[in-house]
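Residues per chain are reported as follows:
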Amino acid sequence: MSTISPKIQNQINMLQQMQQQMQTIGSQKAQYEMAVREAKRASEELNDVSDDAAVFMSVGTVMMQKKKDAVLKNLEEKVETLGLRIKSLEKQETMLQGKFEQLQAQVKQSLEGKPPSAA
Amino acid sequence: MVNNVEKVDPRELQSLQLYLNEYRQQAEIFSQQLAILEEGRMEAAAAIEAMKGLLEAGESTILLQLGGGASVPVRVDNPEKILVNIGAEVVVERSNEEAVEFMKDRITEMEASSKKVAETLERVRAQMMEIGRRLEMGYQQAQMAQMAHAGPVPAPESDEE
């Protein structure tokens, strides 16, 4: 097997690190997206119940009885906050993806023995 | 990917091995998801049975599990009212009938998700098979090249002498 120069090896290591970072961001984003879906669904379910129905919400370690409107408002805020976090993660993801593709192209060129094009 | 095993090189074999490992991990995750969905489906089905049973019994005494095999007798005054966790850490009171419908909907959704996951798992397994086949061919090719390089192999001694 042909040997890989330390420079290319270093770049490959960086690629692997970037891939791991992207995976972490991706799984975090997926978790937030799931939480948004859950909150939206909970809101839909709540809209179906009568206004005087007993509604409980987790507050610290206990489930506290709250008014339906208060819980709906809380869920809306939750969706909003999570949406902002998702957008921020998407930005990070796009930036990292760009860097990854750039470095990947460099490594590919190096492995094929061509001089890397000026960035 | 290797299109022609005649031209397979060690780097391609290594890359195929990496793909195979990656797919193996994915298959493991999908299998776990399937198990979780099945567990959820069973739990929801058991909840439906319990709610229907409570409604049939009217006022009744049940055992509230405390964990570790310990339980306390609890009097169910009104089995018509059920508290349902609707997600996002919110619990809401529904009628017994509504709660049963809620659980049935959940089961339907979980079954649909299970179907999708099972299909994806099937695709991943097919890809694993294909990569495994290519790897096997690649290794055989490499072995044959090595043997050709080492010269003719002496014929194995016959046992029937």
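Just so you know, these numbers come straight off a predicted model, no measurement behind them.

S.K.: When you look at the layout of surface pockets in this model, what are you seeing that I'm missing?
M.R.: One simple way to see leftover space: roll a probe sized like a water molecule over the atoms. Estimated volume of the largest pocket: approximately 1700 Å³. Lining the largest pocket we find 30 residues, and of these Gln16 and Gln19 of chain A together with Ser15, Leu18 and Tyr19 of chain B sit closest to its centre. Put simply, the parts of the chain that give the lining of the largest pocket at least two residues each are helix H1 (6–48) and helix H2 (68–111) of chain A together with helix H1 (10–57) of chain B. Looking at the lining of the largest pocket element by element, the count peaks at 13 residues for H1 of chain B. For the lining of the largest pocket, a count of residues per class yields 13 nonpolar, eleven polar and six charged. By volume, the second largest pocket amounts to about 1200 Å³. Taken together, 34 residues form the lining of the second largest pocket, with Gly40, Phe102, Met103, Arg106 and Met110 of chain B sitting closest to its centre. If you list the elements that add at least two residues to the lining of the second largest pocket, you get H1 of chain A together with H1, strand S1 (60–67), strand S2 (70–76), strand S3 (81–87) and helix H2 (96–150) of chain B. Ranked by residues supplied to the lining of the second largest pocket, first place goes to H1 of chain B with eleven residues. Here the lining of the second largest pocket is composed, by residue class, of 20 nonpolar, five polar and nine charged.

S.K.: Hey, could you run me through the sheet that holds strand S4 (residues 90–95) of chain B in this one?
M.R.: Strand order in the open sheet formed by four strands is S2(A)-S1(A)-S4(B)-S3(B), and the pairing between neighbours is antiparallel. In this open sheet, the two strands that pair with only one neighbour each are strand S2 (62–66) of chain A together with S3 of chain B. Direction aside, neighbouring strands of the sheet carry axes that sit 35° apart on average. Summarising the sheet, strand S1 (residues 55–59) of chain A and S4 of chain B pair through three bridges and their orientation is antiparallel. Residue Met57 of chain A lies in a different strand from S4 of chain B, and its bridge partner there is Val90 of chain B. Its contacts with the sheet put H2 of chain B on S3 and S4 of chain B, and the angle it makes with S3 of chain B is roughly 30°.

Cut-off values and rules
- Residues numbered from 1 in each chain as written.
- Chains lettered and ligands numbered in written order.
- Predicted model: local features only at pLDDT ≥ 70, side-chain atom pairs only at ≥ 80, totals over all residues.
- Heavy atoms only, no water.
- 1 Å grid on protein atoms, 1.4 Å probe; cavity = no way out; pocket = protein on both sides within 12 Å on 5 of 7 lines; lining within 4 Å.
- Points joined across faces, edges and corners; volume = space filled by probe spheres on them.
- Helix = DSSP H or I, 4+ residues; strand = E, 2+ residues; numbered from the N terminus.
- Nonpolar A, V, L, I, M, F, W, Y, C, P; charged D, E, K, R; others polar.
- Pairing = 2+ DSSP bridges.
- Axes fitted to C-alpha atoms, helices over the stretch in contact; angles between N-to-C directions.
- Contact = heavy atoms within 4.5 Å.

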